[in-house]
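A closer look at the structure
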Amino acid sequence: DQQVKQNSPSLSVQEGRISILNCDYTNSMFDYFLWYKKYPAEGPTFLISISSIKDKNEDGRFTVFLNKSAKHLSLHIVPSQPGDSAVYFCAAKRRRTSYDKVIFGPGTSLSVIP
Amino acid sequence: NAGVTQTPKFQVLKTGQSMTLQCAQDMNHEYMSWYRQDPGMGLRLIHYSVGAGITDQGEVPNGYNVSRSTTEDFPLRLLSAAPSQTSVYFCASGTSGGPNEQFFGPGTRLTVL
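Bear in mind that the values here come from a model prediction, so they are computed numbers and not experimental data.

Thoughts on the overall build of chain A
In terms of regular secondary structure, chain A is built from 0 helices and 11 strands. Beginning at the N terminus, the succession of helices and strands in chain A can be written as β-β-β-β-β-β-β-β-β-β-β. In terms of overall dimensions, chain A is globule-like: its C-alpha atoms have a radius of gyration of 14 Å, near the 13 Å expected for 114 residues. Projecting the C-alpha coordinates of chain A onto the three principal axes gives extents of approximately 45 × 30 × 20 Å.

Next up, the structure:
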């Protein structure tokens, strides 16, 4: 059973507009949520994270919103740029004693059209 | 800093062959992990380690072995390759605790015939 879900496999947005990528999770024990970006033939790179005690985290053009009651988070990119075209992975982490592991969603492919 | 390095970049194996995918990091990170990426499946955790001598299973550990004898190295062994193990493999490292931002290697594309 997939614990982290990204129900939109792809998304197209015009340059300059807002991109909204969604992520849902099933495990209420997750403590941290992260977004990674991946270009073809490269490894993923970390983008932004949010702790479960917060509902918003902002870093430049990127903002992540967390709704714990709905077990839902979203990544907003404003304004979208062609260089943002990539696959975006949502990931969640649960702290368990001194060990931890990260679970990734299936990814959403974002295309920003010039 | 080289970051996270993986070798080889590409590999073709025949069913039943064994091999080791190498992963090394020079950031003194405690946490290292192996993922495989398959179309429509995203990144799935195979094994992870929170320090030398400590490893644990992830979501899809069957058919893979790991060991962590040093902080820097975390090799992934395929004991008897199967076509279902055709995938792109990523190694990652990070600090244990907190949001656990991970740094990924460039990946190894493995094909099992």
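A word on the sheet that holds strand β6 (residues 56-59) of chain A
Note: strands within a sheet are paired through backbone hydrogen bonds, in either parallel or antiparallel orientation. Residue and element names in this part refer to chain A. The strand order across the open sheet formed by 5 strands is β1-β3-β8-β7-β6, and the pairing between neighbours is antiparallel. Strands with a single pairing partner mark the edges of an open sheet, and in this sheet they are β1 (4-5) and β6. By the bridge criterion, 2 bridges tie β1 to strand β3 (residues 19-25) in an arrangement that is antiparallel. Counterpart to lysine 5 in the pairing with β3 is aspartate 24.

A short note on the sheet that holds strand β1 (residues 4-7) of chain B
Residue and element names in this part refer to chain B. Taken together, the 4 strands give an open sheet; going across it, the order is β1-β3-β8-β7, and neighbouring strands pair in antiparallel fashion. With partners counted over all chains shown, the strands left at the sheet margins are β1 and β7 (64-66), one partner each. Each strand axis lies, on average, 20° off the axis of its neighbour in the sheet, ignoring direction. Taken together, the 3 bridges between β7 and strand β8 (residues 76-78) define a ladder with antiparallel strand orientation. For tyrosine 64, the partnering residue across the bridge sits in β8 and is leucine 78.

A look at the interface of chain A and chain B
Between chain A and chain B, the contact holds 23 residues from the first and 25 residues from the second. One can count 0 salt bridges joining chain A with chain B. Linking chain A to chain B there are 2 residue pairs in polar contact (both at pLDDT 80 or more). Secondary-structure elements contributing two or more residues to the side of chain A that touches chain B are β4 (32-38), β5 (45-51), β9 (86-96) and β10 (99-104) of chain A. Among the elements that line the side of chain A that touches chain B, the one with the most residues is β10 of chain A, at 6 residues. In terms of residue class, the side of chain A that touches chain B is built from 12 nonpolar, 4 polar and 7 charged.

Remarks on unusual backbone geometry
Residue and element names in this part refer to chain A. A cis amide bond, omega -15°, links valine 78 with the succeeding residue proline 79. Secondary-structure assignment places proline 79 in the loop between β8 (72-77) and β9. Backbone geometry at alanine 41 places phi at a positive 65°, although glycine is not the residue there. Of note, lysine 71 is a non-glycine position whose phi angle comes to about 55°, a positive value.

Some remarks on the pairing of strand β3 (residues 19-25) of chain B
Residues and elements named next belong to chain B. Across the two faces of β3 the burial differs, with Met19, Leu21, Cys23 and Gln25 buried and Thr20, Gln22 and Ala24 not buried at all. Two elements, β1 and β3, share 4 bridges in a ladder whose sense is antiparallel. By the bridge assignment, threonine 7 is partnered in β3 with glutamine 22.

Looking at the side chain of arginine 68 of chain B
All names here are of chain B. Tracing the backbone through its elements, the reader meets arginine 68 in the loop between β7 and β8. No salt bridge is formed by the buried arginine 68; its nearest oppositely charged neighbour, glutamate 72, is found at 7.5 Å. A distance of 3.2 Å separates a polar side-chain atom of arginine 68 from the backbone oxygen of threonine 70. When near neighbours in sequence (up to four residues on either side) are disregarded, arginine 68 contacts Gln25, His29, Glu30, Met32, Ser49, Val50, Gly51, Ala52, Gly53, Thr55, Asp73 and Phe74.

A short note on the pairing of β5 of chain A
Looking down a regular strand, the side chains alternate between one sheet face and the other. Residue and element names in this part refer to chain A. Among the 7 residues that make up β5, 5 are buried, leaving the element largely enclosed by the rest of the structure. The pairing of β4 with β5 spans 6 bridges and is antiparallel. Within β5, the residue paired with tryptophan 35 across the bridge is isoleucine 48.

Reading the values: the criteria
Residues numbered from 1 in each chain as written. Chains lettered and ligands numbered in written order. Predicted model: local features only at pLDDT ≥ 70, side-chain atom pairs only at ≥ 80, totals over all residues. Heavy atoms only, no water. Helix = DSSP H or I, 4+ residues; strand = E, 2+ residues; numbered from the N terminus. Rg over C-alpha atoms; globule rule 2.2 N^0.38 Å. Pairing = 2+ DSSP bridges. Axes fitted to C-alpha atoms, helices over the stretch in contact; angles between N-to-C directions. Contact = heavy atoms within 4.5 Å. Salt bridge = Lys/Arg side-chain N within 4 Å of Asp/Glu carboxyl O. Polar contact = N/O pair within 3.5 Å; in protein donor to acceptor, adjacent residues only side chain to side chain. Nonpolar A, V, L, I, M, F, W, Y, C, P; charged D, E, K, R; others polar. Buried < 20%, exposed > 50% of the residue type's maximum accessible area, 1.4 Å probe, protein only. Lys, Arg positive; Asp, Glu negative; His and termini not counted.

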